[in-house]
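Chain residues, written in single-letter form:
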Amino acid sequence: MAVEIDISHVARLARLELSDRQLDTYGRQCQELLEHVARIQAVDTDGVEPTSHPLPMTNRFREDRVTPHTVLGQEEVLAQAPDTEGPFFRVPPAIEEA
Amino acid sequence: MTFTTIAGAARALRSGSITSVGLAEQVLARTSMVEAQVHAYLTLDTDGLLEAAAGADEELAAGRDRGPLHGIPIAVKDNMTTREMETTAGSRILSGYIPPYDATAIRRLRDAGALITGKTNLDEFAMGSSTENSAFGPTRNPWNTDRVPGGSSGGSAAAVAAGMALGGLGSDTGGSIRQPASLCGVVGAKPTYGAVSRYGLIAFASSLDQIGPIAHRVEDAALLLDAISGHDPLDSTSYPGGIEPSGARLDGGLDGVRVGVARRLGGADAVEPDVESAFDRTLAAMEGAGAVTLEVDLPFTEQGLSAYYLIAPAECSANLARFDGVRYGLRVDGATTEQMMSRSRADGFGSEVTRRVLLGTFALSAGYHEAFYGQAQKVRTLIREDFARAYRECDVLVSPTSATTAFPLGDRTEDPLSMYVSDVFTIPSNLAGHPAISVPVGLDRHDLPIGFQVMAPALEEAVMFQVAAALESLAGFDTTVPFDPSYGLRGGVR
């Protein structure tokens, strides 16, 4: 399947605000790389199961118990945030006002 | 006396001929001598190291012996979280980030008594093969500072090679431990996927990433690996069964060992003649020591590079979604949340990371997921079957680690694909989830180290280390040349 990357659309999906010049460069490079790796489509994989984990393991469950050494305090967690308000992370408006 | 091996230093600590503080001072003295030229470290924790060393000496004097890593200075790649020590993953987006917790591998190192010297340089988020993609400047190869150390664990490999630590930890997604170990003339091993917990390893490609050791000797690498491996409930992909200690058969030798020679692994061509002849010389020596060799073909590994450059970007695009300027890391202001995130990410990621996030986002996007990511995961199965066939006839497989020795800085930065082919020999083991190790076996005509790769089936680390230890002693390669002050770190800083 011949594919053309719509790089502005992909950049939007990836939440990357890029300049027109950057979009141009990355678009060209990604297109070249994609054409190279697309050779993989010629491999006959009919009836082949995909590999997600190399060892024969499926979902593993554990008891939902508090493990004190992996629980972080609220202050510790918020300490690295660029902006906070009280016990919350603060961000610019997510929804425009009507 | 200069200590270069972990096992040797451990013996000297117990016989009283050196203290842990003495070892710490040795690596700090070496660091102050060469670090300005090599730039292996992003964070060097001088005070923490000396304090921990004093504590290790006190413990040992009081009869509390934590084992072979007790009091040994170890350098750690800066994509593993360290409590209260900056962790950047080589990225501007994490500059200044102080994790509130230790990665499991770090916690196990500390429990084993090891001392963390600091955090080593890497390609941003471990994406690269030269350590030139670090947001904080490149690392240089201690054998020749005009050359790259390889990557992405180039900082750990260079630190160990130059004596700025006795051992190191790296992470390997497509060769990021083995290739820099090869280029820096030290030993580096990627364990079986699931052998070492990934908890606290800043995720790049979750189905491929593994933490592993870098050291001067195979024995030392085994000591490090055995200290950090084992099941961890905090990583759901961690292997729950027991694994034979990787150092269990170091003296096993090569007699009767069936060695599959995978000369064209990954579709490799253009192997440098000096690399090829060092490889053949090593093979002949192994045969002389009783190994039985046969040439093997793994045809589907030729698709390995393509599969890798779909799977790794796809998984990275998902993993790196967490860097959004909300909870930690860089924030660039914007009028809306989306604009703030999009600006923070565009500003915080370097060009290689941006390129892979874009490629991966595309490969996972509606309409293309099955054709690209899905197909790559199926090809991965075919590659695993290739290995399974080969292992019906062989105990281990061998190949060069890298088709070339250390290349000059700037040589491959303009053309992403030329950098990507650095990893053709190493990628197949990541795709299969198998363990693999690089052992230095010689020098090329430019006095640059050449690595030899040994691969083994999943969970067969003990056999892999057995073969690696045997060929290490056959090769008799002196890894400690860059320790010698008169070696003078040729090349100089341009």
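Residues numbered from 1 in each chain as written. Chains lettered and ligands numbered in written order. Predicted model: local features only at pLDDT ≥ 70, side-chain atom pairs only at ≥ 80, totals over all residues. Heavy atoms only, no water.

Colleague: Would you mind going over the overall build of chain A in detail, with residue names and values included?
Modeller: Counting its regular elements, chain A contains three helices and two strands. Over its C-alpha trace chain A gives a radius of gyration of 23 Å, far above what one expects of a compact globule, namely 13 Å for 98 residues. Considering only C-alpha atoms, chain A reaches an extent of 55 × 45 × 30 Å along its principal axes. Counting only residues that meet the buried cut, chain A has 31% of its 98 residues in that class. (Helix = DSSP H or I, 4+ residues; strand = E, 2+ residues; numbered from the N terminus. Rg over C-alpha atoms; globule rule 2.2 N^0.38 Å. Buried < 20%, exposed > 50% of the residue type's maximum accessible area, 1.4 Å probe, protein only.)

Colleague: Requested: an account of the layout of surface pockets, with residues and values cited.
Modeller: Residue and element names in this part refer to chain B. As a volume, the largest pocket reaches approximately 440 Å³. Along its surface, the largest pocket is lined by 20 residues, and Thr81, Tyr97, Tyr101, Arg322 and Tyr328 are the ones closest to its centre. Split by residue class, the lining of the largest pocket holds 13 nonpolar, four polar and three charged. (1 Å grid on protein atoms, 1.4 Å probe; cavity = no way out; pocket = protein on both sides within 12 Å on 5 of 7 lines; lining within 4 Å. Points joined across faces, edges and corners; volume = space filled by probe spheres on them. Nonpolar A, V, L, I, M, F, W, Y, C, P; charged D, E, K, R; others polar.)

Colleague: Give a description of the confidence of the model for chain A that names residues and reports values.
Modeller: The pLDDT averaged across chain A works out to 90; a share of 97% of its residues lies at or above 70. Confidence, read as mean pLDDT per element, is least for helix α3 (residues 74–78) of chain A in chain A (92) and greatest for helix α1 (residues 7–13) of chain A (97). (pLDDT = per-residue confidence, 0-100.)

Colleague: Break down empty space enclosed by the protein for me, citing the residues and quoting the values.
Modeller: All names here are of chain B. Within the structure shown, the criterion is met by two cavities of 30 Å³ or more. Of the pockets and cavities examined, the largest cavity occupies roughly 70 Å³. Lining the largest cavity are Ala126, Gly128, Ser129, Gly151, Gly174, Gly175, Ser176, Phe204, Tyr308, Tyr309, Arg356 and Asp423. Looking at the lining of the largest cavity residue by residue, the classes come out as four nonpolar, six polar and two charged. Approximately 30 Å³ is the volume attributed to the second largest cavity. Lining of the second largest cavity is provided by Ala262, Arg263, Arg264, Leu265, Val296, Asp297, Leu298 and Thr301.

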